[in-house]
Amino acid sequence: MSALLLRDLRKTYGNRLEALKGVDLEIPEGEFFALLGPNGAGKSTLISIVSSLVNKTSGRVEVCGFDLDRDREAAKRCIGLVPQEVNFNQFEKVANIVINQAGYYGIPRREAFVRAERCLRQVDLWDKRNVVSRQLSGGMKRRLMIARALVHDPRLLILDEPTAGVDIEIRHSMWEFLRSVNRRGTTVILTTHYLEEAENLCRHIAIIDHGRIVVNRRMQELLAEVQTQRYTLELKHPISQVPIIEDYAVEREDAYTLIAEVPPEGGVHGLFTRLAAQGIEVQGIRNGSSRLEQYFMRLIAESGDRDGTGAAA
Amino acid sequence: MRKRGWSGTGQWIALQTILFKEISRFFRIWPQTILPAAVTNALYLLIFGALMGRRIGPIHGIAYLDYIVPGIALMSVITNAYSNVVSSFYSTKFQRHIEELITAPVSEWAVLAGYVGGGVVRGLVVGAVVVATAGFFTQLQVAHAGVLLAMGTLTAALFALAGFINAVYANSFDDISIVPNFVLTPLVYLGGVFYSIELLPSWWRTVSMGNPILYMVNAFRYGFVGVSDVRLDVAFALIGGLIVLLLTWAYVLLRRGTGIKS
Ligand SMILES: Nc1ncnc2c1ncn2[C@@H]1O[C@H](COP(=O)(O)OP(=O)(O)OP(=O)(O)O)[C@@H](O)[C@H]1O
Ligand SMILES: [Mg+2]
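Per chain, residues are indexed from 1 in the order of the written sequence. All chains are assigned letters beginning at A, and all ligands numbers beginning at 1, according to the order in which they are written. With pLDDT at 70 or above as the cut-off, local features in this predicted model cover only qualifying residues; side-chain atom pairs require 80 or more to be listed or tallied, and sums for whole chains, interfaces and linings still use all residues. Side-chain calculation: all heavy atoms of the structure are included, whereas hydrogens and water are not.

> Outline the coordination of the magnesium ion (ligand 2), listing residues and values.
All names here are of chain A. The rule for donors is simple: N, O or S, within 2.8 Å of the metal, or within 3.2 Å if the metal is Na, K or Ca. Water isn't counted, so a site may look like it is missing partners. Distances from the magnesium ion (ligand 2) to its protein donors, Ser-44 (OG) and Gln-84 (OE1), fall at 1.9 to 2.1 Å. A residue pair is termed long-range when its members are at least 10 positions apart, and Ser-44 in helix α1 (residues 43-50) and Gln-84 in the loop between β6 (79-82) and α3 (94-104) qualify at 40 residues. Think of it in three bands: residues with accessible area under 20% of the maximum for their type are buried, residues over 50% are exposed, and the middle band is partly exposed, with areas taken using a 1.4 Å probe on protein chains only. Assessed through its relative accessible area of 24%, Ser-44 is described here as partly exposed. Where helices and strands are cited, they refer to DSSP runs of H or I of at least four residues and of E of at least two residues respectively, numbered from the N terminus.

> Got a sec to walk through the domain arrangement of chain A? Specific residues and values, please.
One frequently used descriptor of interface size is the decrease in accessible area upon assembly of the parts. The domain limits used here are those given by an automatic or database domain assignment. Under the domain assignment, chain A is made up of domain 1 (2-224) and domain 2 (226-291). A C-alpha centroid distance of 40 Å is found between domain 1 of chain A and domain 2 of chain A.

> Can you tell me about the interface of chain A and chain B, naming the residues and giving the values?
Between two residues, a contact is recorded if the distance between any of their heavy atoms is within 4.5 Å. With 31 residues of chain A at the contact, the number on the chain B side is 26 residues. In short, buried area is how much 1.4 Å probe accessible area vanishes from two parts on joining, totalled over both. Carbon and sulfur atoms make up 48% of the surface buried where chain A meets chain B, a total of about 2500 Å² over both sides. Of all residues in chain A, Leu53(A), Glu73(A) and Tyr104(A) bury the most surface against chain B, accounting for 30% of the area lost on that side. Think of a salt bridge as a Lys or Arg side-chain nitrogen and an Asp or Glu carboxyl oxygen that are within 4 Å of each other. Run the count over chain A and chain B and you get 3 salt bridges. Glu92(A) is paired through a salt bridge with Arg28(B); the nearest N and O atoms lie 3.5 Å apart. Throughout this description, a polar contact denotes any pair of N or O atoms lying within 3.5 Å of each other; where both atoms belong to protein, one of them has to be capable of donating a hydrogen while the other can accept it, and for residues adjacent in sequence the pair is counted only when both atoms sit in side chains. For the interface between chain A and chain B, the tally reads 11 residue pairs in polar contact (both at pLDDT 80 or more). In terms of residue count, α3(A) provides more of the side of chain A that touches chain B than any other element does, 5 residues in total. Polarity classes work like this: nonpolar for Ala, Val, Leu, Ile, Met, Phe, Trp, Tyr, Cys and Pro, charged for Asp, Glu, Lys and Arg, and polar for all others, with Gly in that last group. Counted by class, the side of chain A that touches chain B contains 11 nonpolar, 10 polar and 10 charged residues.

> Explain helix α4 (residues 109-122) of chain A residue by residue, including any values.
Residues and elements named next belong to chain A. In this model α4 runs 20 Å from its N-terminal to its C-terminal C-alpha over 14 residues, within 8% of the 20 Å that 1.5 Å per residue would give. Among all positions of α4, only Ala-112, Arg-115, Ala-116, Cys-119 and Leu-120 are buried. In a view along the axis of α4, the buried residues occupy a sector of 130°, so they form one face of it. Residues of α4 that are exposed and point more than 90 degrees away from the buried face comprise Arg-110 and Val-114. Those residues of α4 that are buried lie in contact with α3 and α5 (138-150). Within two residues after α4, Asp-124 carries a phi angle of roughly 65°, on the positive side. Every helix has an expected span of 1.5 Å times one less than the residues it contains. As used here, the arc is the angular range of directions from the helix axis to the C-beta atoms.

> Explain the sheet that holds strand β11 (residues 229-235) of chain A to me, using residue names and the numbers behind them.
Residues and elements named next belong to chain A. Strands qualify as paired when DSSP identifies two bridges or more between them. Ordered by their spatial adjacency, 4 strands build an open sheet running β12-β13-β11-β14, and the pairing between neighbours is antiparallel. At either margin of the open sheet sits one strand with a lone partner, and together these are β12 (249-254) and β14 (282-287). For this sheet, the mean angle separating the axes of adjacent strands, direction not counted, is 25°. Two elements, β11 and β14, share 5 bridges in a ladder whose sense is antiparallel. If you follow Tyr-231 over to β14, its bridge partner there is Asn-287. The angle between two axes is taken between their N-to-C directions and runs from 0 to 180 degrees, where each axis is a line fitted to C-alpha atoms and a helix contributes only its stretch in contact.

> If you had to explain the site of ligand 1 to someone new, which residues and values would you point to?
Among the 16 residues in the neighbourhood of ligand 1, the closest are listed as Asn39(A), Gly40(A), Lys43(A), Ser44(A) and Thr45(A). Close to ligand 1, residues of chains A and B are found. Exposure was quantified through the Shrake-Rupley algorithm and a 1.4 Å probe, taking into account, for residues, occlusion by the shown protein chains and nothing else. Relative to its unbound accessible area of 630 Å², ligand 1 is 68% covered by the protein chains. Along the lines of polarity and charge, the residues of the shell around ligand 1 split into 5 nonpolar, 9 polar and 2 charged. Any residue with a heavy atom lying within 4 Å of a molecule or strand is counted as near it.

> Pulling in residues and values, what's your account of the sheet that holds strand β10 (residues 212-218) of chain A?
Residues and elements named next belong to chain A. In space, the 6 strands of this open sheet follow the order β6-β7-β8-β3-β9-β10, with mixed pairing throughout. Each end of this open sheet is capped by a strand with a single partner; those strands are β6 and β10. Between one strand axis and the next, the sheet turns through 15° on average, direction left out of account. Taken together, the 4 bridges between β6 and strand β7 (residues 156-160) define a ladder with parallel strand orientation. Bridge pairing links Leu-81 to Ile-158 in β7.

> Talk me through the packing of helix α1 (residues 9-28) of chain B against helix α5 (residues 64-94) of chain B; I want residue IDs and the actual numbers.
Residue and element names in this part refer to chain B. One way to put it is that α1 packs onto α5 with a least axis distance of 12 Å and a crossing angle of 105°. Taken as axis vectors, α1 and α5 run roughly perpendicular relative to one another. In this structure, α1 uses Glu-22, Arg-25 and Phe-26 to contact α5, whose residues at the interface are Asn-84, Ser-87 and Ser-88. Each residue belonging to the contact of α1 with α5 can be placed in one class, and the counts come to 1 nonpolar, 3 polar and 2 charged. Any angle from 65 to 115 degrees is called roughly perpendicular, while one under 35 is roughly parallel, one over 145 is roughly antiparallel, and all others are oblique.

> So what's going on with the environment of Asn166(B)? Which residues, and what values?
All names here are of chain B. In this structure, Asn-166 sits in helix α8 (residues 145-169). Here the alpha-carbon distance between Asn-166 and Val-85, two residues 81 residues apart in the chain, equals 9.0 Å. If sequence neighbours within four positions are ignored, Asn-166 has contacts with Tyr-82, Val-86, Asp-175, Ile-176, Val-179 and Pro-180.

> Just give me the short version of helix α9 (residues 175-189) of chain B, but keep the residues and values in it.
Residue and element names in this part refer to chain B. With 15 residues, α9 should cover 21 Å at 1.5 Å per step; its first-to-last C-alpha distance of 21 Å lies within 8% of that length. Of all the bends found along α9, the most pronounced is centred on Val-183 and spans about 25°, while Pro-186, a proline, follows it within four residues. The elements touched by buried residues of α9 are α5, α8 and α11 (212-225). Bend at a given residue is defined as the angle between two axes, one fitted to the seven residues that end at that position and one fitted to the seven that begin there.

> Could you give an account of a nonpolar patch on the surface, with specific residues and numbers?
All names here are of chain B. Patch definition: residues with relative accessible area over 30% and no salt bridge; like charges joined within 9 Å; nonpolar side chains (Val, Leu, Ile, Met, Phe, Trp, Tyr) joined within 5 Å. Taken together, Trp-30, Leu-35, Val-39, Leu-43, Leu-46, Ile-47, Leu-51, Met-52 and Ile-56 make up a surface patch of nonpolar side chains, about 800 Å² in accessible area. Top contributing element to the nonpolar patch by residue count: helix α3 (residues 35-51), with 6 residues. Taking relative accessible area as the criterion, Leu-51 reaches 52% and is therefore assigned exposed.

> Give me the confidence of the model for chain B: which residues, what numbers.
Residues and elements named next belong to chain B. The predictor attaches a confidence to each residue, called pLDDT, with possible values from 0 through 100. Across chain B, the average pLDDT comes to 91, with 97% of residues at 70 or higher. No element of chain B has a lower mean pLDDT than helix α4 (residues 53-56), at 81, and none a higher one than α8, at 97. Contacts from residues 1-7, a stretch scored under 50 in pLDDT, to residues over four places away or in other chains number 16 contacts. Across the whole predicted complex the pTM is 0.86, and at the interface the ipTM reaches 0.89.

> Before we move on, could you go through the packing of aromatic side chains and cite the residues and values that matter?
Any pair of Phe, Tyr and Trp rings, taking the six-membered ring for Trp, is counted once the centres come within 6.5 Å. Such a pair is stacked with planes under 30 degrees apart, edge-to-face with planes over 60 apart, and tilted for the rest. One pass over the structure, following the stated rule, counts 15 aromatic pairs over all chains. On the basis of an interplanar angle of 35° and a centroid distance of 4.4 Å, the ring pair of Phe89(B) and Phe164(B) is categorised as tilted. One end of the pair, Phe89(B), is in helix α5; the other, Phe164(B), is in helix α8, with 75 residues separating them in the sequence. Centroid distance Trp203(B) to Trp204(B): 6.1 Å. Interplanar angle 15°. Geometry classified as stacked. Using a relative accessible area of 58% as the deciding quantity, one classes Trp203(B) as exposed. Through a chain of ring-to-ring contacts, three or more aromatic side chains come together here, namely Tyr44(B), Phe48(B), Tyr189(B) and Phe194(B). Between Arg129(A) and the ring centre of Trp126(A), over which it is positioned, the NZ or CZ distance is 4.2 Å. Here Arg221(B) stacks its cationic end above the ring of Tyr67(B), 3.7 Å away from the centre of that ring. Counting as a charge over the ring demands two things of the Lys NZ or Arg CZ atom: a distance within 6 Å of the ring centre and an angle within 35 degrees of the ring normal.

See the structure below:
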């Protein structure tokens, strides 16, 4: 069964803005799914429709087999949502936010206390249980929303940019935590602008742009397609012109920095040799953008061109 | 339409959760929610009742102070029930934690009952505080406790519902104070809180009969002192009808997601 099924989902906002232009998507249970796309692509709109925050204009939504129109309550019970923006009561204590959430899902008070403790411990917020939520840091607020989303044991966890503004250490522990949630059988859908995060966590990826799904495939397949690796080279001496090197696409970022795309055949070694032949000495090398990032940039650039010419159907 | 699951324990627990949250909210901020009413009404009782009342003389054979206490208490019930719901639900919307309730499988009835219930409890608590304060100024009697409680509760429910509807339509903090200041307050003051309409010129008396609050004040007063300017059955029918009307209105708004969903 699918954890999420969308059929020709469309949304036109009151201001006649078409945020979703017919989205079809099927996410099987147990998946760890990334939903990517540039700002304004429609990710949050899609998520808001699935979680009943926004009314769809047309199309069909099924959550764990429950149709959103016919069986909304059952569908809602399956979803845990971590929204993009803070939406808990800032004047309420941390523990109460999670306990009340359990109540809204029909969990009796005593049981709600037990679950709230478990969820808050999992995200390292148990110490803060009596703090008024306004006083939490940005990263803590995100974690509180994760704890809140999990208190009713959802089958589908949807996170809209959960790691925005979260420091590296916490981000990594959050990744570990989300992996463990997924291992226990919960389907996870995640949006993020950190492509490294999607590459690290997710097994399947969909890219949405201007309200349409433009890519929907397994992460491995997609990465295999991006053959070239990107490197940033730091030079010992300044250069004024971009060196021309056969088989390698090289760009000059500034006098001391080059960015090179390295195809698998030649390798980094080949690049160094040819640069040296032109008298360019490399002092340091950094791994450039991730493969997913390259793929993403290329794709968005292409789709931008298409939209620009008005050729998009 | 009867919603599936409304009778279920899940909805009942959700309702209790909202109600408990609402009640703890106003108790937590009692200096803003309970104290002002107690102070203002003590002043009313002191000035109109104890000081001027001696000169005004009895109405329908009832000492002026005793005559106005029920009206003043009901005035507090009305304003507190209304303002509790309008400000709580508006800030729920404004701060966006209404989204917690929309994403959760809570029925519209449970949301409505939870918020309105919170307003009713606040109205009755403040009403009770006012009556207790009045105990310092006069020896109150209760002629018909049943009428008193029923009319107090129904009035609280009606104005809690009105506050809810106001909050749904409100887009700014101004919007939540317009109705209380410019509609509610005049209707309450002209609703026979401080006088019997028999003292009014006949044209004004006729106009007053169109003010629904007059019926509530009089029925409530009847519960204390046993006299009323209006018929009780008319008063109860009127308030029952108004409650059904506003309940339907509020439910439809919630169901449609007016002011909440895009
Ligand atoms: N409530 C709304 N009313 C009108 N237009 C809206 C509303 N919410 C979103 N939009 C518009 O719909 C489009 C999609 O927005 P959405 O928030 O879904 O994008 P997103 O992919 O989540 O972007 P981001 O990465 O910035 O969060 C945007 O053009 C946005 O301006
Ligand atoms: Mg978004």
